[in-house]
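Inside the fold
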Amino acid sequence: MTNLQYAPLPLDSTIRLLRLHPGATSDQLNCTLQPVSLHSSPSYEAVSYCWGKASETALITCNNTIIPIQRNLFNLLIVFRNSSSDRLLWVDAVCINQSDGAEKTHQVGMMFQIYQNATRVLSWLGEPDESSWIDNLLITKLMEAREKWRSSTPQQEFNASNYLPPSPNLESAYLATLKLAERPYFSRIWIIQEIAANQNVLLQCGNANISFFHFISALRSIPSYLNSQVRTTFATTVFIAQDTQSVSKSSYGRGTLLEHLVRHRPSQATYGRDKIFALCGLASDIRDGTLKNPINFAAEATVSEVLHELAINMLTSHKNLDILSIGHSWQRTETGYGTTNLELPSWVPNWVLSSRYIENVLDLNINRDLRPQFHASRNTRYTPHVSSDRKRLSVMGYTLDVISARGQKMVSNFAGAIPNEEIGETMFKDWKEIALANRKQEEKYITGTGTLYDAYWQSCICAYLNDLNSRREFQHTERDFRSQPPVLSQRGASFLRSIPLSDYMTMIRTREGYIGQAPAFVETGDHVMLLAGAKVPIVARMREGGWEVLGDCYIHGVMFGEAFEERRCNVLELI
């Protein structure tokens, strides 16, 4: 057994394809590599899969050389091999010379195009087991049921049970499909662009397969009470991948690298830097040249250095402080929030974290064309200044006010959902007390515009909706929770589904009387700051030698520049 000898590839549109030769299931796997140019429109299928454990390998023959490959790749090649004809595939582990940093940098930079130009993407989920498998009959029935529901009048909320005949095996089929969505494949960061790049994606589990979109439709059709029985990962991975693909159909991946990094933060990667590199093919600012592509496998950089360099690159290229919204210094843990183990300044986001999705106020504002676009610093630009030791960031701004009271945070269940009773106790009781502080709700707010109640209900939803009808819906939902016993009506439930709810945020009040939402770990005495170049206010804590960034916040009455005064700005050192 020897190492495979690769002929160098030119750094252009040339890739290698794996020609998988035919054979029976028991035959030795045999393949050859051939270089092709993407400009020649070659016909091939691109494989999407989990690499698996490096210690679990099997042998194949490639270019007349016996080489080891990881067991998961070996298993999928056995399934995808034809019995009587060659099959042309692109498989990253073999088609890229993994020991050549320059080639790997260039080829990974082309991955979106490689998957986009494939005739089909083959997504390998692994072999079926006793708890999860592809049930084509169930998925077909669910799709038919959803079509019947769409054509029915009047249209009620979809309930698959109304359209499917009773069956003793139905619930086990539901759970098998849900369990399939929990496989490691769907938590992998690289699948985002691999699925987003191509509209013909086939999910393969053993010898059974199903269209990716049919699978998603089936997941959305399974009764909601069953979702709570499974610790789901697809809510933040598969659905987001579908959303990304929907966007890419019309605009080839709208969204900056920062937006994609925020959105896909829960996804997993074996190597920390892959949390960044895997999303570069989707980023509009990399594609248009605004942001330098950070992919580099040739440099011997640590993860901390990669994160540092990306933060400075984003600050320099975009001349805004959007990255401060991330508040990387804190992460969700089983018992609350804790600091990360990477020695990074608080202004450098740690994208390596794969904690469950952490919301921020800026994220509520991105890619939402019909909702208000915050500009708390009046669209000012920011020219970054980073200290020579790369630990301090100098910004211009000032303290708007100091937090004097904070509420409880909502507690989610094991599946990440916030129970209705928790919403009632927190949003409509504790938070209201923090916001109104025993004063009359029709009293004028500190800005002189609107009432305390206006500030309260808008802060609860970070101005996600701000029309008169939404105010009525909020009040109706509040009345549901005030009833004895509390009963959430269908109207109230519908409203709650339409607004952002987070167990990461809490209600705050400041010394001067501002009301808003901030990260749940803020403390009284923390400062709310307005910074030049920041679209939203930032919460910071005084430390020896400078300010520690905690994250962003919503402060009612200042989100559109009403309180920003450039003459008040001073140099602030973020550490």
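Bear in mind the structure is a predicted one, so any value in this text is a computation, not a measurement.

**Observations regarding the nonpolar core**
- Counting residues in hydrophobic clusters, the biggest one holds 121 residues, and the most contacted among them are Tyr44, Trp90, Leu257 and Ile276.
- If one sorts the elements of this core by residue count, helix 14 (residues 303–318) sits on top with 7 residues.
- Here Ile276 is in contact with Leu257, Leu261, Pro294, Val306, Leu307, Leu310 and Trp351, once residues within four sequence places are set aside.
- Within the second largest apolar cluster, 55 residues are counted, among which are Met410, Leu530, Ala563 and Cys569.

**Some points on the confidence of the model for the protein chain**
- Scored by pLDDT, the protein chain comes out at a mean of 87, with 88% of its residues at no less than 70.
- Between residues 332–339, whose pLDDT stays under 50, and residues either more than four places distant or in other chains, the model counts 22 contacts.

**Description of the pairing of strand 18 (residues 546–552)**
- For strand 18, the tally of buried residues reaches 7 of 7 residues, placing the bulk of the element in the interior.
- The sheet contact formed by strand 17 (residues 538–543) and strand 18 spans 6 bridges and is antiparallel. Residue pairing for strand 18: Ala540 is matched across the bridge by Val549.
- Where strand 17 folds back on strand 18, the antiparallel hairpin that results is connected by 2 residues, among which Gly545 adopts a positive phi of roughly 95 degrees.

**Notes on the pattern of salt bridges**
- Considering all chains together, one arrives at 22 salt bridges under this definition.
- Here Asp454 ties to Arg471 by a salt bridge, and the two come within 2.9 Å at their closest N and O atoms. On the criterion of sequence distance, the pair formed by Asp454 in helix 16 (residues 452–460) and Arg471 in helix 17 (residues 468–482) is long-range, its members being 17 residues apart. With respect to class, Asp454 is no different from Arg471; both count as buried.
- Several salt bridges share partner residues, and in doing so they unite Glu45, Arg87 and Arg120 into one network.

**Looking at the sheet that holds strand 1 (residues 14–20)**
- Pairing is mixed across the open sheet formed by 9 strands, whose spatial order is 5-4-2-1-6-3-7-8-9. Looking at which strands have only one partner, the edges of the open sheet turn out to be strand 5 (65–70) and strand 9 (208–211). Each strand axis lies, on average, 40 degrees off the axis of its neighbour in the sheet, ignoring direction.
- In this sheet, strand 9 lies alongside strand 8 (residues 201–205) in antiparallel orientation, the contact comprising 4 bridges. Bridged to Leu202 within strand 9 is Ser211.

**Quick word on the pairing of strand 2 (residues 30–37)**
- As judged from the 7 bridges shared by strand 1 and strand 2, these two strands associate in the antiparallel manner. When the sheet's bridge partners are listed, Leu17 is paired in strand 2 with Gln34.

Rules of the game
- Residues numbered from 1 in each chain as written.
- Predicted model: local features only at pLDDT ≥ 70, side-chain atom pairs only at ≥ 80, totals over all residues.
- Heavy atoms only, no water.
- Core = buried A, V, L, I, M, F, W, Y, C linked by side-chain atoms within 4.5 Å.
- Buried < 20%, exposed > 50% of the residue type's maximum accessible area, 1.4 Å probe, protein only.
- Helix = DSSP H or I, 4+ residues; strand = E, 2+ residues; numbered from the N terminus.
- Contact = heavy atoms within 4.5 Å.
- pLDDT = per-residue confidence, 0-100.
- Pairing = 2+ DSSP bridges.
- Salt bridge = Lys/Arg side-chain N within 4 Å of Asp/Glu carboxyl O.
- Axes fitted to C-alpha atoms, helices over the stretch in contact; angles between N-to-C directions.

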